[in-house]
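Coordinate analysis (summary)
Residue strings, one per chain:
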Amino acid sequence: MASTYLSRTIGTPTLSNKFTISVWVKRAELSSSGMNAMCGTQGNGSHATQFFFDGAPLRFYDNFSSTDVITNRKFRDTTAWFHVVAAIDTSQSTAADRVKIYVNGTQETSFATSNEYSQNDTNSFNNDYTNYIGDGGQANKYLDGCLAHFHFVSGTKYVATDFGEFDSNGVWKPKPSPSITYGNNGYFILKDANGVTDQSG
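The text that follows walks through the structure, step by step, so that each part is easy to find. Every chain is numbered independently, its residues counted from 1 as its sequence is written. Under the rules for a predicted model, residues below a pLDDT of 70 receive no local features and side-chain atom pairs below 80 are neither given nor counted, while totals for whole chains, interfaces and linings still include all residues. Side-chain calculation: all heavy atoms of the structure are included, whereas hydrogens and water are not.

Considering the environment of S154
- For helices the rule is a DSSP run of H or I covering at least 4 residues; for strands it is a run of E covering at least 2, with both sets numbered from the N terminus onward. As for its placement among the helices and strands, S154 is situated in strand β12 (residues 145–154).
- Using a 1.4 Å probe on the protein chains alone, a residue whose accessible area is under 20% of its type maximum counts as buried, one over 50% counts as exposed, and one in between counts as partly exposed. Owing to a relative accessible area of 1%, S154 belongs among the buried residues under this scheme.
- Spatially, the C-alpha atom of S154 lies 6.1 Å from that of P13, the residues being 141 residues apart in sequence.
- Residue contacts for S154: discarding those within four places in its chain leaves P13, T14, K18, N126, Y182, G183, N184, N185 and G186.
- Pairs of N or O atoms within 3.5 Å make up the polar contacts considered here, provided that, within protein, one atom can donate a hydrogen while the other can accept it, and that residues adjacent in sequence are counted only when both atoms are side-chain atoms. There is a polar contact of 3.2 Å between the side chain of S154 and the backbone nitrogen of T14.
- Among the polar contacts made by the side chain of S154, one reaches the side chain of N126 at a distance of 2.9 Å. Two residues qualify as a contact provided that any one of their heavy atoms is within 4.5 Å of a heavy atom in the partner residue.

Examining the pattern of salt bridges
- Whenever Lys or Arg places a side-chain nitrogen within 4 Å of a carboxyl oxygen from Asp or Glu, that contact is recorded as a salt bridge. Tallying each qualifying case throughout the model produces five salt bridges.
- A salt bridge links D68 to R59, with the nearest nitrogen and oxygen atoms 2.7 Å apart. The exposure classification of D68 matches that of R59, with both residues buried.
- Across the pair K100 and D97 runs a salt bridge, and its minimum N-O distance is 3.9 Å.
- Given the relative accessible area of 17%, K100 is considered buried.

Overview of unusual backbone geometry
- Not every positive phi belongs to a glycine, and N104 is a case in point at roughly 50°.
- Mapped onto the elements, N104 comes out in the loop between β8 (99–103) and β9 (106–107).
- Residues other than glycine seldom take positive phi values, yet H149 does so here, at roughly 50°.
- Inspection of the secondary structure puts H149 in strand β12.
- By relative accessible area, which is 6% here, H149 ends up buried.

What to know about the environment of S65
- Inspection of the secondary structure puts S65 in the loop between β5 (57–62) and β6 (67–74).
- Note: C-alpha distance between S65 and S118 (53 residues apart in sequence) is 7.5 Å.
- In this view, S65 contacts Y117 and D121; residues no more than four positions away in its chain are not counted.
- Side chain to side chain, S65 and T67 meet in a polar contact 2.7 Å long.

Some words on the nonpolar core
- We define the nonpolar core as a collection of buried residues of types Ala, Val, Leu, Ile, Met, Phe, Trp, Tyr and Cys that are connected through side-chain atoms lying within 4.5 Å of one another. Core analysis: the largest hydrophobic core is formed by 29 residues, its most contacted members being M38, F51, L58, F60, V84 and F150.
- At the level of elements, β2 (18–27), β3 (36–42), β4 (48–53), β5, β7 (81–89), β8, β12 and β15 (187–189) are the ones that each hand at least two residues to this core.
- One finds W24, Y102, A148 and W172 within the second-largest nonpolar core, a separate group that totals seven residues.

Quick word on the side chain of S22
- The topology assignment puts S22 in strand β2.
- Here H83 takes part through its side chain, which lies 2.8 Å from a polar atom of the side chain of S22.

Written as C-alpha cells, this is what we have:
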C-alpha cells in the first residue's frame, strides 16, 4: 500500500472559480475500496476537493458544494499511462460546462453521476488550503501508482490539448513545456526525470 505524497501550501487564488489539474498517472492496483487519489485537499469541516479513481471510474468530488462527477468509463489497465485533466470554471452559465474531464486528449461525456457546481461556486483546492499530490488529503487515500507532469493552474481553465498532443502515429504524448500561465497558486512538478523539482513560475 502506498503511503507517500507531496504537499504544498498555497494562498490567495488568481480566480477562485477557475482552475485546471493535468497529470499523467499509471495505476498499480484496482482496489474498489477507498480512493486512489491523484490529488486533493482536506480543509476545515467539510471543505474537501479530490480528483481520484473510485475503483475503476474516474471521479472529481467537492463535498463543500456537493459536486460529484463520476465517469461511466472504467480505467482498469495497470500497464498504461493515462493523461487526465479536470478543467473547472464555475462561472459558466451551463452547468455541464463547469467541470470538464479529459482522458488522453478526449473529453468524457458519459457520466454515472453528474452533480455540478452551482454557478460561481468556489472550492478548497484553488484556495488557501494545503494541496496534497498523490493523496486525497485524508489518511489512507493515497494513490497506489505513479505520477508525472503534474500541473496545477490557478485562475484559468485549460483543455487537454494545452498539455498534450497526438504524434504521427496517433499516440497521445505530453507537451514537455506547454504554454501555460499558472497564476498565483499554480505549479508544475514531476517533470520528466526531475523528481519533485518545482517547475512553476
